[in-house]
Amino acid sequence: MKTSFDLPRFGFGGAGLGNLSREVSDAEAQETLRAAWDNGLRYYDTSPLYGFGLSELRTGQFLRNQPRADYVLSTKVGRYMIPPRGQDYDRGMWTAPLELMPVLDYSYDATMRSLEQSHARLGLADIDIVYIHDVDRRNLGVDFARHYRSAIEGAYKALDQLRSEGVVKAIGIGVNESDVAADFMAEADLDLVMLAGRYTLIEQPALADCLPLAEKKGVGIVNVGVFNSGVLAKGVSGATYDYGVVPQHVIDKVRAVQSICDSFGVSLPAAAAQFSLGHPAIASVVFGMTRPHTVKQTLGYLGEDIPTAFWQGLVDAGIVDAAVPLPGGSNTSKALT
C-alpha cells in the first residue's frame, strides 16, 4: 500500500451517526464513539452526505477530545451543503438530517468548498484521508459519464494537489461498483479505494477487476458494507440488501450460507466480518455501528474461531469464487491495528 502512514486494520463507519434509517440521539452517538475508542478502534470515517453534515459534527465532537496523533480520520467530497431557503429536496434514507441541502458537484472549486465545510463541522485542522464519494452508476444514473469526467478533471485534480502539498496524507474514491473503481484507478494515482458491498460473503465481482489492479498498483482497498447493509448480519428476516428489499436470489444464497454456518457452528455475521481479510489487497475493513453494545458485538465477530473447512465448504457450494484467497492465512489479522 502506498500510504505513508499505518492504516488501522479495522475502522468505525459514521454513516449511522447521520441518522441512516434510524434517528440516533446525540448522547447515543457519543456513547457509541466512546465504545469504539475504548475497544481499540482508531480509524474513523465520515462524510458530508451522512445526515447532511450531522455525522461530521458528531464525529468531530468526539475526536476533538482525543490525541490527534492517535487516530486516522477520513471524510469525502462530491457534495457541499447549502441552506435550502424554501426549496424542496430529497432527504433520501436520512431520518432527521440537518436542515441543509446537498449539492452534487465534483468540480475543483466545489471540492475545495466541500472540504473547507468538513473542516468547520469537524472542528479539526487535519484530515488524513479524503475520498471522492459515490462516483458510480448507482448514485448518478444517466448522468454518470458527465460526473465521472468532472471527478477526474476536478475533484481528483484538487485532491492530488492537496496531497502533493502535504495537506492530506492519502486520497481515494468511495464507490459501490468495482468496475468503476478499476476504471478510476487506471486513470488516477490513488492511495485507497473504499469499496462498498462488492467483495462480501455472497458476492465477489471485485475479484475480477478492482482487486487485481489494486494489487498491481499498490492501492489499498478499504472494504465496507461487508454485511450487504444488513442481510449478512440479521439473516433474511426483516433485513435489507444494499439498503433495499432483499431480492429472491440473495435470499436463496444467504440461506445456503446459513446452512453451511449451522453445520460448522459458525455465526453468519462472524463469517461475513472475516471473509475479506484473506485478500492481500484489503488494507482495512470498516464497520458501521450506532449503538454502544453493537461495537463490542461486531468486534467479537472478528475474534470468533472459524475452521478452514468452513471456507472451503463455501467454495465447494459455489457461493465463494474458487479464486478467492480464503481467510486464515498470514493476511488475516484480528488485531485492532
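Refer to the structure presented above.
Considerations on the overall build of the chain
1) Next: Helices and strands together make up the secondary structure of the chain, namely 12 helices and 10 strands.
2) Next: Here the C-alpha radius of gyration of the chain, 19 Å, is about what a compact globule of 337 residues would show, namely 20 Å.
3) Next: Seen through its C-alpha atoms, the chain measures out along the principal axes to roughly 55 × 45 × 40 Å.
4) Next: Expressed as a percentage of contacts within the chain between residues at least 6 apart in sequence, the contacts between residues at least 24 apart total 77%.
5) Next: Entry remark: accessible area of the chain is about 13400 Å², with carbon and sulfur atoms responsible for 50%.
6) Next: Placing the 30 positive and 39 negative side-chain charges of the chain at their respective mean positions leaves the two points 3 Å apart.

Some points on the nonpolar core
1) Next: Judged by nonpolar contacts, the single largest core of 95 residues is most densely connected at Tyr-44, Ile-132, Phe-184 and Leu-201.
2) Next: A total of nine residues in this core trace back to one element, the largest contributor, which is helix H5 (residues 144–164).
3) Next: Setting aside residues up to four positions removed in sequence, Leu-201 forms contacts with Leu-232, Val-257, Leu-268, Ala-271, Ala-272, Phe-275, Trp-311, Leu-314, Ile-319 and Val-320.

Regarding the pattern of salt bridges
1) Next: Here the structure, examined in full by the defined rule, presents 18 salt bridges.
2) Next: Note that Arg-68 and Asp-128 form a salt bridge whose closest N and O atoms lie 2.8 Å from each other. Of this pair, Arg-68 sits in the loop between helix H2 (54–63) and strand S3 (72–77) while Asp-128 sits in the loop between helix H3 (108–122) and strand S6 (129–133), and the two are 60 residues apart along the sequence.
3) Next: Given the relative accessible area of 24%, Arg-68 is considered partly exposed.
4) Next: Between Asp-134 and Arg-79 there is a salt bridge, with its nearest N and O atoms 3.1 Å apart. Of this pair, Asp-134 sits in the loop between S6 and helix H4 (137–140) while Arg-79 sits in strand S4 (residues 79–82), and the two are 55 residues apart along the sequence. Accessibility assignment for this pair places Asp-134 and Arg-79 in one class, buried.

Definitions and cut-offs
Residues numbered from 1 in each chain as written. Predicted model: local features only at pLDDT ≥ 70, side-chain atom pairs only at ≥ 80, totals over all residues. Heavy atoms only, no water. Helix = DSSP H or I, 4+ residues; strand = E, 2+ residues; numbered from the N terminus. Rg over C-alpha atoms; globule rule 2.2 N^0.38 Å. Contact = heavy atoms within 4.5 Å. Areas by Shrake-Rupley, 256 points an atom, 1.4 Å probe, with all protein chains shown as cover. Lys, Arg positive; Asp, Glu negative; His and termini not counted. Charge placed at Lys NZ, Arg CZ, Asp CG, Glu CD. Core = buried A, V, L, I, M, F, W, Y, C linked by side-chain atoms within 4.5 Å. Buried < 20%, exposed > 50% of the residue type's maximum accessible area, 1.4 Å probe, protein only. Salt bridge = Lys/Arg side-chain N within 4 Å of Asp/Glu carboxyl O.

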